[in-house]
Amino acid sequence: MAQALDIDRWNLECEFNNTDHRTDLNGVDRLIVRRGQTFTISLYLPSGSYQPGVSSLDCIAETGPQPSEQYGTRAYFGLSANIDTSCWSAAVTSPPGDMVSLSICSAPDAPIGRYTLTLGQSGRIEFILLFNPWCPGDAVYMDNEQSLVEYVLSQDGIIFRGSYKYPIPTAWNFGQFESGILDVCLKILDMNPKCLKNPGKDCSGRRNPIYVSRVLSAMVNCNDDKGVLLGKWTDGFEGGVSPMFWRGSVEILRNWDTQACQPVRYGQCWVFAAVACSVSRALGIPCRVVTNYLSAHDSNANLVIERYINENGDPIQSREMIWNYHCWVESWMTRPDLKSGFNGWQASDPTPQEKSEGVYCCGPVPVRAIKEGELTFKYDAPFVFAEVNADVDTYIKKKDGSTSKVTSAAVVGQKISTKSVGSDTREDITHLYKYPEGSVEERETFNKANHQNKLLQQQQNEGLHLSIKVTSDMRKGCDFDVFAVVTNNTQSEKKCRLVFGSCAVSYNGFLGGNCGFKDLLNVELSPGAERRVPLRLNYSKYGGLLTDDNLIRLAALLWDYATREPMLVVRNIVLENPEIKVRILGEPKENRKMAAEITLQNPLPRQLDNCCFTIEGANLTGGRFISERLGSSVGPGEDAKVKIYFTPTRSGLRKLVVDFDSDKLCHVKGYKNVIIGK
């Protein structure tokens, strides 16, 4: 007859287990394990009480406020001869004695979260269970170790901004293992409306990464709930900070937690995506931030962006826009809810744009479904498809109220980018989202999506060609020229009107003030001739109009007097900020104070006041940021220089993320990779 074990005390062996489960970066003061993988605790028993084959131990694992077997949030199991990794199981894995090693394995599809494990009558332990991308039975399983290091364990990374002609890498501190961040991530799940309404059902849903990633897509923004970030794209940032202020996710998540779940002000797309990536990695879902250049926002779901301009070529603002770039996340998981062939990367977008099932969230939708035009697939396939593949129709609104179509070669979905595995270089993943522009496969995909089948590369007006050329040296603070180039490929004389304008623009398409304008009523071109029309952009004019995105929109509108048909070319340029130079002083060692000398040269023709450098980095700055202000102004061409001290807490390759701010030059970003020795 079985005899129930008495347990005097136990040791959770947190250091061994957490290291074995790759959760030790969270600390080793409590038990944090991954599902579908064995962990071992030490049980101290009354002398001689354990007898193999005779002793029994009833185990109950429970999670959530209303644990139930029906929801899968409570599991009963006893001692087995061997561990069964397909379900909750336990086995003694040491010889009999006063101390035995009890190995426990959770089911690979168990809900993630906080658990209480009851051992017989006298034992009660607590632990946190996470997704396990190292476990073949887990829905987030990924079989490439280098990718797992990048997409789960890496605490910093690169997010691409700028423009598709000039992608700018921006370092980000994801910080998913910094002190307290995992608790904040679990709190985000607990604060979601589905959990507040039905906690039992919601906790059951946490077995499924599809469900969890959809909850995160909704909770990273605060539009329908007690979410993390409030978005703001226009006017100033009173009552908060500019989205450009952030260098990492840690401060954002901690602020949300300490301010009673009030939304942190403010975020924009790359901030929403970065925070979603931090939370996903913390919970064990492989995740990466993706940037789509020339990203369409299709608000009426017809997969066509209708743009309107006036007779000067100035855009008329509407809800449907083409963002200079847009960031979202991809999470790695299987899709048993769909037909086969759609496992792997799934796109989710936490930036609030359109509602999905009544809530501001988007995804997860298989990236392959977007490429194949499978627009009936869950979730929000048509919206993501339009972001990378919508057609663009441009119309001119004339003074008499009439409209006519403009020939325009606008193409959305360019240079879809993410950080490469194991390096800071840009990986182009456009081919994962779409077939090559104009290819037979791309057109067939459009047909499959019930989309208008029309030539994406529209024919230019017969024999006339219009383009915009720029110089390679476009630095903030400088004066420079941009050029509209008109070519006459016909056999006859051409007389045209050329309107060439520029204005400041934010990355999501909102327009600012005029930076320079030219209207030439009589551009004459003989057969085969080319005319380069320069437009001077002076810092004295554009400097006060630029947003933190450093973007200027150039638009050239050409009217052929013979045909009366207009032709439009639009190009966004990004002005370079000065480089931040970082020099590490001394030999970087774990738990040894060190310094970084940081320098920036003032590129503006004016002096800079209130200059401040700020640094942060995972395992470098103690989970906080460190600022150093300059005591004096920095004149034109002079260097701003500081020395900042910090103490690394862990060895390995780390990123020191740097930000420079002043009264006239704001949010200049830089970073330095630092190898910390043991």
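Just so we're clear, the structure is a prediction, and the values are computed from it rather than from any experiment.

1. Quick notes on the sheet that holds strand 22 (residues 391–397)
Taken in spatial order, the 8 strands make up an open sheet running 18-17-22-23-32-31-28-29, and their pairing is mixed. Here the strands that pair on one side only, and so sit at the sheet edges, are strand 18 (315–316) and strand 29 (511–525). Note: strand 22 against strand 23 (residues 403–408), 4 bridges, orientation antiparallel. Across the sheet, the residue bridging to Tyr395 is Lys405, located in strand 23.

2. Quick word on the nonpolar core
Formed by 65 residues in total, the largest nonpolar core has its most connected members in Trp172, Leu229, Ile252, Trp270 and Leu283. Considering each element in turn, this core owes the most residues, 12 residues, to helix 8 (residues 269–283). In this view, Trp270 contacts Ile159, Arg161, Trp172, Pro243, Met244, Tyr325, Cys327 and Tyr507; residues no more than four positions away in its chain are not counted. Ile468, Leu600, Ile644 and Phe660 belong to the second largest nonpolar core, which has 56 residues in total.

3. A word on the side chain of Ser662
Relative to the assigned elements, Ser662 resides in the loop between strand 38 (652–661) and strand 39 (668–676). Looking at Ser662, its side chain comes within polar contact range of the main-chain oxygen of Leu665, at 2.8 Å.

4. Structural notes on the pattern of salt bridges
Here the structure, examined in full by the defined rule, presents 28 salt bridges. Note that Arg74 is salt-bridged to Glu62, the shortest N-O span being 2.7 Å. One end of the pair, Arg74, is in strand 7 (residues 74–77); the other, Glu62, is in strand 6 (residues 59–63), and 12 residues separate them in sequence. For Arg74, a relative accessible area of 25% gives the class partly exposed. A residue is classified by how much of its surface remains accessible, and Glu62, at 18% relative accessible area, is buried. With its nearest N and O atoms 4.0 Å apart, the salt bridge here joins Glu251 to Arg247. When salt bridges that share partners are traced, they join Arg30, Arg114 and Asp183 into one network.

5. Focus: the environment of Ser356
Its location among the elements puts Ser356 in the loop between strand 20 (344–348) and strand 21 (365–366). The buried category is assigned to Ser356, whose relative accessible area is 4%. When the C-alpha positions of Ser356 and Asp380 are compared, they lie 6.9 Å apart, and in sequence the two are 24 residues distant. Once residues lying within four places of it in the same chain are set aside, the contact partners of Ser356 are Arg214, Cys361 and Asp380.

Conventions used here
Residues numbered from 1 in each chain as written. Predicted model: local features only at pLDDT ≥ 70, side-chain atom pairs only at ≥ 80, totals over all residues. Heavy atoms only, no water. Pairing = 2+ DSSP bridges. Helix = DSSP H or I, 4+ residues; strand = E, 2+ residues; numbered from the N terminus. Core = buried A, V, L, I, M, F, W, Y, C linked by side-chain atoms within 4.5 Å. Buried < 20%, exposed > 50% of the residue type's maximum accessible area, 1.4 Å probe, protein only. Contact = heavy atoms within 4.5 Å. Polar contact = N/O pair within 3.5 Å; in protein donor to acceptor, adjacent residues only side chain to side chain. Salt bridge = Lys/Arg side-chain N within 4 Å of Asp/Glu carboxyl O.

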